[in-house]
Amino acid sequence: MPLSRRRLVASLGTLATPANALGQPPSSPQPVTARPAGDPARTARDEDFWRHVARQYRVSDDFINLENGYYGIMPTAVLDAYRRNVERLNSLNSYLLRTTYKAEADQIRQRVAVTVGAAKEEIAFTRGGTEALQCLIGGYRNLRPGDAVMYADLDYHSARYAMNWLQDRRGVDVVRIAIPEPATRRAILDTYTRALEDHPRVKLLLLTHLNNITGLVPPVQEIVTAARVRGVDVIVDAAHSWGQLDFTLPDLGADFGVFSLHKWMGAPLGTGFLYIRKDRLADIDRAFADETYPDDDIRSRVHSGTLDAAAVLSVPAALDFHQALGSAVKQARLQYLRNRWVQQTRDIEGLDILTPNESAAYGAITSFRLGGHSSEADNTAIAQYLMEHHGIFTVRRGGPVRGDCVRQRRRCSRCRISSTRSGRRFTPPRVDSARAEL
Ligand SMILES: Cc1ncc(COP(=O)(O)O)c(C=O)c1O
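Conventions used here
Residues numbered from 1 in each chain as written. Predicted model: local features only at pLDDT ≥ 70, side-chain atom pairs only at ≥ 80, totals over all residues. Helix = DSSP H or I, 4+ residues; strand = E, 2+ residues; numbered from the N terminus. Buried ≥ 20, exposed ≤ 12 C-beta atoms within 10 Å, placed from the backbone. Contact = placed C-beta atoms within 7 Å. Pairing = 2+ DSSP bridges. Axes fitted to C-alpha atoms, helices over the stretch in contact; angles between N-to-C directions. Parallel < 35°, antiparallel > 145°, perpendicular 65-115°, else oblique. Left-handed = near helix turned anticlockwise from the far one by under 90°. Nonpolar A, V, L, I, M, F, W, Y, C, P; charged D, E, K, R; others polar. Near = placed C-beta within 6 Å. Core = buried A, V, L, I, M, F, W, Y, C linked by C-beta atoms within 7 Å. Domains from an automatic or database assignment. Arc of directions from axis to C-beta. pLDDT = per-residue confidence, 0-100.

Engineer: Explain the overall build of the protein chain to me, please; I cannot follow it from the model alone.
Structural biologist: The helix and strand tally for the protein chain stands at 17 helices and 16 strands. A burial count over the protein chain gives 41% of its 438 residues as buried. Long-range pairs, those at least 24 residues apart, make up 71% of the contacts in the protein chain with a sequence separation of at least 6.

Following this line, the structure appears as structure tokens:
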């Protein structure tokens, strides 16, 4: 149906003012403007302020969600912006995509780039971290048969699969390393340095800034430097860290990076981006020889096809919310919440907390292993038990060479804590009986 003149003019009015189109609807809840000035560590403990922040999320009361390692829900201001963008996209159909969308998306790209500490020409939107990882790993051009690539047990599973794929496609060897447990930043750096020394044919290293299994944060910049002096390129996977930790790209020192916007930045699902340092663009292939953009445009390194443009158009609302809160304050609060349970449980015998006390080594996520239970079945049973008996939703994670674990924790009333001469001892419920009860 052709657009009537009136409707066309009305639509153009909206399109001509993207700021208005993307702005907060009048019914939006009060945004986070009341952030107390001063030390983020003090703000982290200001419960009045955090109650105000919490009111800006609609969260189900049906269970206690301690599982935020998949994606992050949107604050209501972002949800409202997203709804409006969905309606706009749906009413205009391809008209939006064929007229102003590209220019609008490019303005958003500029804003994301400035926020992450890059130039606009150094980032390209993807549908999330996985797509960014696949484009960079699959497109990396400097591998020859006989070279090697390296990753660790705590890297993201889809990234590990993509690295394995290089074996057949490029004829390279795959070197797999294990992050030490218990971990310290020094021990992690030593592990990587030693592995790079032991495997001089390695040309490409995958390195996760904050992994989704235990939540451990390695000393990324030091590892990138150690790799660079040995002629090894590093793809830094910051899908989980951006929005959770307070950093920008120069803090990582990476030439290649991977980011999610739908995790800790609170943007709608289907948003992320990849980063390629300007002078390294030639080292990544165009995506499947796509000719949509010229070779010197980073957007030629990914082609997602027709995607949810409403999600991309809502990214500014997410950045508004994130910036009003401030990444230093966010990190301080998330670490404070993590410390509250870790500090009370660290010395309990039978409970292994899988991130160390060094504050640079963790964010919000921390996992535990109970009484040496390291099988998939046991950890699945523990997670199910927490849900069934305590309404706590969390998940088993696999991957570590030392075995599976549970991401996040809350005290469970069936677990016993007793005092012994050497400290407190933790006795979990018998996993078999917990499983039998489910
Ligand atoms: C460390 C890490 N990298 C990459 C990804 C993939 O990101 P996305 O879900 O945005 O595809 C995830 C997802 O959880 C992750 O935890």
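Engineer: Would you explain the sheet that holds strand β6 (residues 233-237) in this entry?
Structural biologist: One key point about sheets: their strands pair by backbone hydrogen bonds, in either a parallel or an antiparallel sense. Read from one edge to the other, the open sheet built from 7 strands follows the order β2-β8-β7-β6-β5-β3-β4, with strand pairing classed as mixed. Looking at which strands have only one partner, the edges of the open sheet turn out to be β2 (123-126) and β4 (173-177). The mean inter-strand angle of the sheet, taken between neighbouring strand axes irrespective of direction, is 20 degrees. Examined bridge by bridge, β2 and strand β8 (residues 272-276) share 4 bridges and lie antiparallel to one another. The residue bridging I123 from the neighbouring strand is Y275, located in β8.

Engineer: Please explain the packing of helix α5 (residues 76-92) against helix α14 (residues 315-325) as it appears in this structure.
Structural biologist: Between α5 and α14, whose axes approach to 8 Å, the crossing angle comes to 170 degrees. The orientation of α5 relative to α14 falls into the category roughly antiparallel. The interaxial crossing formed by α5 with α14 has right-handed handedness. Within the contact between the two elements, α5 uses A77, V78 and A81 and α14 uses A317, A318 and F321. Across the contact of α5 with α14, the residue classes break down as 6 nonpolar, no polar and no charged.

Engineer: Hey, could you run me through helix α8 (residues 129-139) in this one?
Structural biologist: A turn of α-helix holds 3.6 residues, and therefore any two residues three or four places apart point the same way. The element α8 is largely enclosed, with a buried count of 9 among its 11 residues. Inspection of α8 places G129, T130, E131, A132, L133, Q134, C135, L136 and I137 among the buried residues, and these make up the whole buried set. Elements in contact with the buried residues of α8: β2, α9 (157-170), β6, β7 (256-260) and β8.

Engineer: Sorry if this is basic, but what is going on with the site of the ligand here?
Structural biologist: Around the ligand sit G128, G129, T130, Y156, T208, N211, N212, D237, A239, H240, S260 and G272, and those are all the residues in its vicinity. Classifying every residue of the shell around the ligand by side-chain character gives 2 nonpolar, 9 polar and 1 charged.

Engineer: Would you mind showing me how to read the nonpolar core here?
Structural biologist: Taken as a class, soluble globular proteins show a tendency for nonpolar side chains to be buried jointly. Counting residues in hydrophobic clusters, the biggest one holds 89 residues, and the most contacted among them are L136, V234, V236, F259 and L274. If one sorts the elements of this core by residue count, α14 sits on top with 6 residues. Both of domain 1 (101-321) and domain 2 (329-437) provide at least three residues apiece to this core. Discounting chain neighbours no more than four positions away, the residues touching V234 are L205, L207, V224, A227, A254 and F256.

Engineer: How should the packing of helix α10 (residues 185-198) against helix α11 (residues 220-228) be read in this particular structure?
Structural biologist: For any two helices packed against each other, one specifies the crossing angle of their axes together with the interaxial distance. Two elements in contact, α10 and α11, have axes whose closest approach is 10 Å; the angle formed by their N-to-C orientations is 15 degrees. Compared by their axis directions, α10 and α11 come out roughly parallel. Of the two possible hands of crossing, α10 and α11 adopt the one that is right-handed. Between α10 and α11, the residues in contact are L189, Y192, T193 and L196 and E222, I223, A226 and A227, respectively. For the contact of α10 with α11, the class distribution of residues is 6 nonpolar, 1 polar and 1 charged.

Engineer: What is the right way to look at the pairing of β8 in this model?
Structural biologist: Working note: regular strand, side chains alternate between the two faces of the sheet. Among the 5 residues in β8, 5 count as buried, and that is most of the element. Two strands pair when backbone bridges link them, and β7 and β8 are joined in this way by 5 bridges, in the antiparallel orientation. Of the residues in β8, the one forming a bridge with F256 is I276.

Engineer: Hey, could you run me through the sheet that holds strand β10 (residues 351-353) in this one?
Structural biologist: Read from one edge to the other, the open sheet built from 4 strands follows the order β10-β11-β14-β13, with strand pairing classed as antiparallel. Whereas interior strands pair on both sides, the edge strands pair on one side only; in this sheet they are β10 and β13 (395-397). Along the sheet, successive strands turn relative to each other by an average axial angle of 35 degrees, direction set aside. Inspection of the sheet shows β13 paired to strand β14 (residues 405-407) by 3 bridges, in the antiparallel sense. Looking across to β14, one finds that V395 is bridged to R407. The strands that helix α16 (residues 376-390) touches are β11 (367-370), β13 and β14; relative to β13, the one it contacts most, it runs at about 160 degrees.

Engineer: It is not clear to me how α11 should be interpreted in this structure. Could you clarify?
Structural biologist: Considered for burial, the residues of α11 that qualify are V220, I223, V224, A226 and A227. An end-on view of α11 places all buried positions within 160 degrees of arc, on one side of the element. Looking at the buried side of α11, the elements it contacts are α10, β5 (202-208), β6 and α12 (249-252).

Engineer: What am I meant to see in the confidence of the model for the protein chain here?
Structural biologist: One rule of thumb: low pLDDT means the predicted coordinates there are not for detailed reading. Per-residue pLDDT for the protein chain has a mean of 87; in total, 85% of the residues score no lower than 70. This model gives residues 1-29 a pLDDT under 50, and the stretch forms 28 contacts once residues within four places in sequence are excluded. Note that residues 424-438 has pLDDT below 50 and, in this model, 37 contacts with residues that lie over four places away or in other chains.

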